[in-house]
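Examining the three-dimensional arrangement
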Amino acid sequence: HLELKDHNFLEELTETLELAKILRNKDYHNITLDSFDIASLYRETMKDYTSYIQYFEIKFQEDVPHSLYIRGNAKFTKLIVSNLIRNAIEALKELPNTEERIMSLVINPQHFCLTNTCLKKVDCSKIFDAGYTTKKGNMGVGLYLTNNLCEKIGWKLAIKTPTNNKSATFSISLLYS
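Residues numbered from 1 in each chain as written. Predicted model: local features only at pLDDT ≥ 70, side-chain atom pairs only at ≥ 80, totals over all residues. Heavy atoms only, no water.

**Some points on the pairing of strand β4 (residues 102–107)**
Judged by which residues are buried, β4 turns out to be one-sided: M103, L105 and I107 face inward and are buried, whereas I102, S104 and V106, on the alternate face, are not. Where strand β2 (residues 59–63) meets β4, five bridges bridge the pair, whose relative direction is parallel. Bridge assignment links K59 to a residue of β4, and that residue is I102. Hairpin connection of β4 to strand β5 (residues 111–117): three residues between the antiparallel strands. (Buried < 20%, exposed > 50% of the residue type's maximum accessible area, 1.4 Å probe, protein only. Helix = DSSP H or I, 4+ residues; strand = E, 2+ residues; numbered from the N terminus. Pairing = 2+ DSSP bridges.)

Following this line, the structure appears as C-alpha cells:
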C-alpha cells in the first residue's frame, strides 16, 4: 500500500523547514530570483508522483508547453508545485468513486493551475491560515507556508471554487518583475 506521506519525507521536511526558517527570519534577500523553465521543473517533479496517480486511479489531464521560462526561484517553485500536487492527490484519494478522481493541470505564461475535486468542503476564507486542514493527521502548514513564500517573491496563490464548493482550483499567478 502506497502512502503519499512516506515519499521523500526527510527531503521534503528539510525543504519545508528551510522555507519556514526564511519566512520566520524575514530573510527574503537570500531568495534569489532567476529565469528557469517551469515546464521542465514540473515534469521533473511529476516523476515523483506518477506511481501515486496510477495507484489511486486518478485520471490526469495536462496542458503544458514544451518549455516556458519564468522569473522566480526554481528551488522554492519546486516546493510549491510539489505541495500543490501532493495536496490534490491526497484530496482525490479520499473520493470513493474512482470516476470522480480527476486532476488537471495547465501551465501558461500567466499561471500554473491545478484543478481537483475534494470530498470535504473547503473553507476558502481559511485555506491559507496556519493550522487549517481538511485532512486527518495533517498540521495545516503546507499551504500557509506556500502562500507566504508566494507573497514574498511577488506571486499570488489563489483558490477558486464553483458555487457547489466541491471543486477547488489552485492557481499560482506568476507575476515576474
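**Overview of helix α5 (residues 142–152)**
Every buried residue of α5 is listed here: L143, L145, T146, N147, N148, L149 and C150. Once α5 finishes, G154 follows within two positions and takes phi at roughly 85°, a positive value.

**Structural notes on the nonpolar core**
Within the largest apolar cluster, 42 residues are counted, with the highest numbers of intra-cluster contacts made by I85, I89, M103, F112 and L114. Broken down by element, this core gets its largest block of residues, ten residues, from helix α4 (residues 74–93). (Core = buried A, V, L, I, M, F, W, Y, C linked by side-chain atoms within 4.5 Å.)

**Focus: the side chain of T146**
As for its placement among the helices and strands, T146 is situated in helix α5. For T146, the residues in contact, after removing those within four places along its chain, are I80, N83 and L157. (Contact = heavy atoms within 4.5 Å.)

**Description of the packing of helix α2 (residues 38–46) against α4**
A pair of packed helices is captured by two measures, namely the crossing angle of their axes and the spacing between those axes. One can describe the packing of α2 onto α4 by two numbers: an axis separation of 10 Å at closest approach and a directional angle of 50°. Considering their axes alone, α2 and α4 lie oblique with respect to each other. Crossing geometry of α2 relative to α4 is assigned as right-handed. Counting all contacts with α2, which are made through I38, L41, Y42, E44, T45 and M46, the residues of α4 involved are A74, T77, K78, V81, S82 and I85. (Axes fitted to C-alpha atoms, helices over the stretch in contact; angles between N-to-C directions. Parallel < 35°, antiparallel > 145°, perpendicular 65-115°, else oblique. Left-handed = near helix turned anticlockwise from the far one by under 90°.)

**A few points about the confidence of the model for the chain**
Residues of the chain with pLDDT of at least 70 account for 80%, and the chain-wide mean is 79. Here strand β7 (residues 167–173) is the element of the chain with the lowest mean pLDDT, 47, and α2 is the one with the highest, 95. Residue range residues 169–177 is modelled with pLDDT below 50. Its contacts to residues more than four positions away, or to other chains, number 46 contacts. (pLDDT = per-residue confidence, 0-100.)

**Observations regarding the packing of α4 against α5**
Axis separation between α4 and α5 bottoms out at 10 Å; the angle between their running directions is 145°. Considering the relative orientation of α4 and α5, their crossing is left-handed. For the pair α4 and α5, contact is made by F76, I80, N83, L84 and N87 and by G142, L143, T146, L149 and C150, respectively. The residue makeup of the contact of α4 with α5, split by class, is six nonpolar, four polar and no charged. (Nonpolar A, V, L, I, M, F, W, Y, C, P; charged D, E, K, R; others polar.)

**Section: the environment of L41**
Residue position: L41 is located in helix α2. For the pair L41 and T77, spaced 36 residues apart in sequence, the C-alpha separation works out to 8.3 Å. The contact partners of L41, leaving out residues within four places of it in the chain, are F36, A74, T77, K78 and V81.

**As for the pattern of salt bridges**
Across all of its chains, the model carries one salt bridge by this definition. Where K47 meets E44, a salt bridge forms, and the shortest distance between an N and an O atom there is 3.2 Å. Exposure remark for E44: the relative accessible area of 43% places this residue in the partly exposed category. (Salt bridge = Lys/Arg side-chain N within 4 Å of Asp/Glu carboxyl O.)

**Concerning α4**
Between the first and last C-alpha of α4 there are 28 Å, a value that for 20 residues agrees with the 28 Å anticipated at 1.5 Å per step. With 16 of 20 residues buried, α4 lies mostly within the body of the structure. At the N-terminal boundary of α4, the capping side chain belongs to N73, with an oxygen 3.1 Å from the backbone nitrogen of K75. (Expected span 1.5 Å × (residues − 1). Polar contact = N/O pair within 3.5 Å; in protein donor to acceptor, adjacent residues only side chain to side chain.)

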